[in-house]
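Spelled out from the first residue to the last, the chains are:
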Amino acid sequence: RLGRSLSEAEGRALYERTGGNPLFCEEVLAGGVDRPGSAVTPAGSVLHERLDRLDPAGRELLEIASVAGPIFTAELVAHVAGADPADVASSVAALVAAGLVQHRSDGTLQFRHALVAEAAYDRLDPTRRAELHRAWADTLVEAWPPAADHPAAIAGHLLAARPRSEAAEARRWATRAAVAAADRLAPDDAALWYERALGAVDPRGDDDVERYDLLLALGRARLQGTGTVPAMQAFGEAAEAAGRAGDDVRRLEALVWLTEARYRAPGVQLNEAARLTLAAAIDATPGAPAGLAARAAEQLARVETFRGTSERAHAVAHQALAAARRSGDPEGEAAAARALRWALVGPFGMEEKRQASRRLADGLGPRSHPANWWNAHSWMLLDALEAGDRPLIDAELQSCRRLADRLREPFLSALTVAWQTAVALLEGGYDEAERMIARGLEAADGAGVNAGGLYAQLGYLAWDRGEHAALVELVRGVAEAVPDRSALYRALLAGIYAEQGRSDEANFELDRLAVDGFAHVPRDGDWLTALAWCATACARLDRAELAVSLRGLLAPFRDRGVVAGGRPFLFCGSVAYYTGMLAVTAGDPDAALHDLAMALAFHQRLRARPWVAYTLCEQGGAWLARGAAGDGRRAAAALATAGDEADALGMEALAARAADLARQRPEAHPTLAPQGSGWRVGFSGAPFHLHDCKGLRCLHHLLARPGVPVRATELVSGVLGDPAADPERARVNVTRQLRGAVDRIGEHDRDLHAHLRAAVVTGRECAYRPAGAPPAWRLG
């Protein structure tokens, strides 16, 4: 009939309308399955013929019942018709016998096919329809108590009865139907009823307050359902209606909800214009109720956090918290606590964050909305991830999943999927994470909610798999599209370029960020993440001069993990992992090994397999750099384990790096060169690191002048900085320092120790006089 297959939805709708009756299916398909309204309208159709053969009483009963819908009771039909129940019962029996109506197990009646109801309804003229809808509404209110149990049916009849019913009454019942839908967690149904209520408002009227109330309720229903962008439109119109009414408090409330919708909507919505509009509304409403003022502060603090102005976010949050406490409003205190927690996103004290998150949960009562509980558990989950507390992560994620399943809000469901994906990525479950991301993106796209966290996780997955080239264009485009967060994306670009070996581009991006000691990287929720990527670039580029200052910035946070921002849900490793890398670059492998041991323990507590592999690889490099006795064996073991794990997880770039480090050989030339705060030393074995001492400085001076005698007093004054020493004291001092330095070298390299003991001459004149031609020393 159609020349194509039916979709699942079309097939289900066809069955519901026809009961599967072949003749009725033919009739419907002849009119086109997607044709609105009844498809059985042609005169002479089989249904109209059957209705025409009914007696007048039966035909009237069918028409009255068709207005009620597919299910009805004989008693209510009798009430609407004003007929004797016994006569109605007799007509019902005839209709059952004719195959038009059937009994249900609960004692009600229903049309055998929806098409029968449609055909009967089509026969009514508009005036008669309106009368019957009004009569059904009155009957439901009077004869089917309590009316509050079925507001949708009453509202539907009143809206269909207009203009015979009062518009205000229709709006009232439509609003009650919307509230009932919201109570049963059906926000999309609630939104439809609010839209119908708005349709009953006279567009020429001037009651902007009523229009505002309906628009605000509509926006909230859309926000909880599948319409964040339509919700923004409703809240914007509500703000305009409040503005026309001259009601600053209502306008502020609409803008608070509009900001929430902007946060949830796809794309970048929390821009400077949004911040300025909300801030101006707050300033214009000094007498706002405490709860509303605190909620406005919460939204503004979040915007300030996203805009990279944490100081302003802190000020807003603390002012709101003080005002809410003075008012004694628990709802206001809860909103102010949420504002403070947003303001604390970034490099702030872990204990302060945990207290703020705990305050959110402690301020909730048993009747608090489940979304508030989800919010509190989500913050505590973020804190647990930053602190490396795996048992708490699992417990809080379970709470978030349970609440999301109960709420069925698309936005919170998408965030919960992002949390689950974050844990899968943490454990190295890349295939599972990829499937979660795909499902999450499909659901978020269908619901019209922000899926930025899932897209970020997709990029993170590409990084771990070594697919760096695919990231470059994406990250560069985001850096240009979101200038307020460009520092983060520029740092990420620097890291990607460095990993690819594109040194010029990596150095360019890194130098832009390193101006004034990285002072221009905003100290906001992205600060730690940006510096972590800078550390990656710095280490790969061997920028020792930047490594010292960068490590100093990160060192106070070594006990925590790097979690990207407030809600992208990305764990980027322990801060100690990055300070360890930087210590190697700065020439201090002992400090590097200390920090990397901290990082390894942190990652093992989290059961973060990829990060354990990353850390073992860096440890291997640090042991190679130090080169102490046994370090070569330790490095080989760490690099082998890192390589095996990387291969098992599909981390190609990490596997290649571990293999490259494992192939490193001792230096071809003897070395005594400054490195960071100490010395890099090499001769016959792996190079190693020694802390600075006077003897090494004197030895370096002699090695630079092989065969040339140098007075001990010259070494004391020029190298050790003691110009007043007499010759004998100088001899004793220099001899002691040189022998001590040579003995320290012997702890790491016996061949070099023997060479120096034979070649270094001490006394009032000192010299480096090796037998034969002197080696080609690398002296830095």
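Residues numbered from 1 in each chain as written. Predicted model: local features only at pLDDT ≥ 70, side-chain atom pairs only at ≥ 80, totals over all residues. Heavy atoms only, no water.

## So, the state of the cysteines
Scanning the entire structure with this criterion turns up 0 disulfides. Here Cys698 is not cross-linked by a disulfide; its sulfur's nearest cysteine counterpart is in Cys766, at 7.8 Å. The class for Cys698 is buried, based on a relative accessible area of 0%. Classification of Cys766 by relative accessible area gives buried; the value is 0%. (Disulfide = S-S within 2.5 Å. Buried < 20%, exposed > 50% of the residue type's maximum accessible area, 1.4 Å probe, protein only.)

## Concerning the packing of helix α5 (residues 74-81) against helix α8 (residues 126-143)
Two elements in contact, α5 and α8, have axes separated by 9 Å at closest approach and are oriented at 120 degrees. Compared by their axis directions, α5 and α8 come out oblique. The way α5 lies across α8 gives a crossing that is right-handed. Mapping the contact onto sequence places Leu76, Val77, His79 and Val80 in α5 and Leu132, Ala135, Trp136, Thr139, Leu140, Glu142 and Ala143 in α8. Taken together, the residues that form the contact of α5 with α8 break down as 8 nonpolar, 2 polar and 1 charged. (Axes fitted to C-alpha atoms, helices over the stretch in contact; angles between N-to-C directions. Helix = DSSP H or I, 4+ residues; strand = E, 2+ residues; numbered from the N terminus. Parallel < 35°, antiparallel > 145°, perpendicular 65-115°, else oblique. Left-handed = near helix turned anticlockwise from the far one by under 90°. Contact = heavy atoms within 4.5 Å. Nonpolar A, V, L, I, M, F, W, Y, C, P; charged D, E, K, R; others polar.)

## Some details on empty space enclosed by the protein
On inspection of all chains with the given rule, the structure shows 5 cavities of 30 Å³ or more. Here the largest cavity is characterised by a volume of approximately 230 Å³. As for the largest cavity, its lining consists of 17 residues, of which Trp463, Glu499, Thr536, Tyr577 and Tyr614 are closest to the centre. (1 Å grid on protein atoms, 1.4 Å probe; cavity = no way out; pocket = protein on both sides within 12 Å on 5 of 7 lines; lining within 4 Å. Points joined across faces, edges and corners; volume = space filled by probe spheres on them.)

## Quick look at the packing of helix α12 (residues 208-224) against helix α13 (residues 228-245)
Close contact between α12 and α13 brings their axes to 8 Å; oriented N to C, the two are set at 160 degrees. Taken as axis vectors, α12 and α13 run roughly antiparallel relative to one another. Crossing of α12 over α13 shows left-handed handedness. Between α12, through Asp208, Val209, Arg211, Tyr212, Leu215, Leu216, Leu218, Gly219, Arg220, Arg222 and Leu223, and α13, the contact on the second element is made entirely by Thr228, Pro230, Ala231, Ala234, Phe235, Glu237, Ala238, Ala241, Ala242, Arg244 and Ala245. The residue inventory of the contact of α12 with α13, partitioned by class, reads 14 nonpolar, 2 polar and 6 charged.

## Points about the nonpolar core
Membership of the largest hydrophobic core comes to 129 residues, with the highest contact counts inside it found for Trp419, Phe518 and Tyr578. The element that contributes the greatest number of residues to this core is helix α28 (residues 527-541), accounting for 12 residues. Leave out the neighbours within four places in its chain, and Tyr578 touches Ala532, Ala535, Thr536, Leu554, Val562, Cys572, Gly573 and Trp611. (Core = buried A, V, L, I, M, F, W, Y, C linked by side-chain atoms within 4.5 Å.)

## Re the layout of surface pockets
In this structure, the second largest pocket occupies an estimated 1,200 Å³ of space. Along the walls of the second largest pocket sit 45 residues, with Arg220, Gln224, Trp257, His369 and Asn372 positioned nearest its centre. A per-element tally of the lining of the second largest pocket places helix α14 (residues 248-264) first, with 6 residues. Taken together, the residues of the lining of the second largest pocket sort by class into 24 nonpolar, 8 polar and 13 charged.

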